[in-house]
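A look at the structure
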Amino acid sequence: MNLIDATAELSAVTTTVASAEDARRLAQAVLEQRLAACVQVEAVVSHYRWDGALQEEGEHRMVFKILPAAVSALLGLLRTLHPYDLPELVVQPLRASQEYADWVRKETVAQA
C-alpha cells in the first residue's frame, strides 16, 4: 500500500493494563458495545516513575481501532472500567486503506 492509497481516517486509542484478564475484560466490553472493530493486545515491559520511584512492570498494551466519532464514547467507557487510578489514554489519528476503514465502519457504531 502506498502512502497515497492510505486516505481513510481512523483513530487508534492506546492504554495499558496489568493483566491479560484485565485486557480481555476491557476488550470484550468495548467490542460488545461496538465502539471498536479490533483490539490488539500485546505484552510489554513499562519503565516509568511513580510516586518518586522508578518502576519496571509487565503490562499489556491495548490498541483499539475505531472511528474518530467514537473516541469520546470509548474514552468514557475506558475511564469507567479501567482498573488503574491514572490510566494511559492516548489517541492517535490513523490513515488506513479504504477497504480496512470500510470494515471498521461496518463493525462499529459511530457515536454522536
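None of the values given here were measured: they were computed from a predicted structure.

**Let's talk about the environment of Ala8**
Mapped onto the elements of the fold, Ala8 is located in strand E1 (residues 8-17). A sequence separation of 79 residues divides Ala8 from Pro87, and the C-alpha atoms of the two residues are 28 Å apart. Setting aside anything within four residues of it in sequence, one finds Ala8 in contact with Leu94, Arg95, Ala96, Ser97, Gln98 and Ala101.

**Some remarks on the packing of helix H1 (residues 20-32) against helix H2 (residues 71-81)**
One way to put it is that H1 packs onto H2 with a least axis distance of 11 Å and a crossing angle of 145°. By crossing handedness, the relation of H1 to H2 is classed as right-handed. Each of Arg25, Leu26, Ala29 and Val30 in H1 lies in contact with H2, whose residues at this interface are Leu74, Leu77, Leu78 and Leu81. Residues that form the contact of H1 with H2 fall into these classes: seven nonpolar, no polar and one charged.

**Describing H2**
Among all positions of H2, only Val71, Leu74, Leu75, Leu77 and Leu78 are buried. With its buried residues spanning 165° around the axis, H2 presents them on a single face. Summarising the geometry of H2, the exposed residues directed more than 90 degrees from the buried face are Ser72, Arg79 and Thr80. Against E1, H1, strand E3 (53-66) and strand E4 (90-96) lie the buried residues of H2.

**Description of the environment of Arg34**
Locating Arg34 in the fold gives a position in the loop between H1 and strand E2 (38-50). Along the chain, Arg34 and Val91 lie 57 residues apart, while their C-alpha atoms are 18 Å from each other.

**Considerations on the pairing of E3**
One ladder, built from seven bridges, connects E1 with E3; its direction is antiparallel. The residue of E3 that forms the bridge with Ser11 is Ile66. Bridge count for E2 against E3 is 13 bridges, and the pairing is antiparallel. Within E3, the position partnered with Gln40 by the bridge is Val63. Taken together, E2 and the strand that follows it, E3, pair antiparallel across an intervening segment of two residues, in which Asp51 is found at a positive phi of about 50°.

**So, the environment of His60**
Within the secondary structure layout, His60 lies in strand E3. Look past the residues within four positions of His60 in its chain and what remains in contact with it is Thr15, Thr16, Val17, Ala18, Ser19, Ala20, Ala23, Val41, Glu42 and Ala43.

**What about the sheet that holds E2?**
Think of a sheet as strands paired side by side through backbone hydrogen bonds, with each pair either parallel or antiparallel. The antiparallel open sheet is built from four strands, whose spatial order is E2-E3-E1-E4. This sheet does not close on itself; its edge strands, each paired only once, are E2 and E4. Ignoring strand direction, the axes of neighbouring strands in this sheet form an average angle of 30°. Strands in contact with H1 are E1, E2 and E3; relative to E3, the strand with the most contacts, it is inclined by about 25°. Against the sheet, helix H3 (residues 98-107) makes contact with E1, E2, E3 and E4, and its axis sits at roughly 65° relative to E1, the strand it touches most.

About the thresholds
- Residues numbered from 1 in each chain as written.
- Predicted model: local features only at pLDDT ≥ 70, side-chain atom pairs only at ≥ 80, totals over all residues.
- Heavy atoms only, no water.
- Helix = DSSP H or I, 4+ residues; strand = E, 2+ residues; numbered from the N terminus.
- Contact = heavy atoms within 4.5 Å.
- Axes fitted to C-alpha atoms, helices over the stretch in contact; angles between N-to-C directions.
- Left-handed = near helix turned anticlockwise from the far one by under 90°.
- Nonpolar A, V, L, I, M, F, W, Y, C, P; charged D, E, K, R; others polar.
- Buried < 20%, exposed > 50% of the residue type's maximum accessible area, 1.4 Å probe, protein only.
- Arc of directions from axis to C-beta.
- Pairing = 2+ DSSP bridges.

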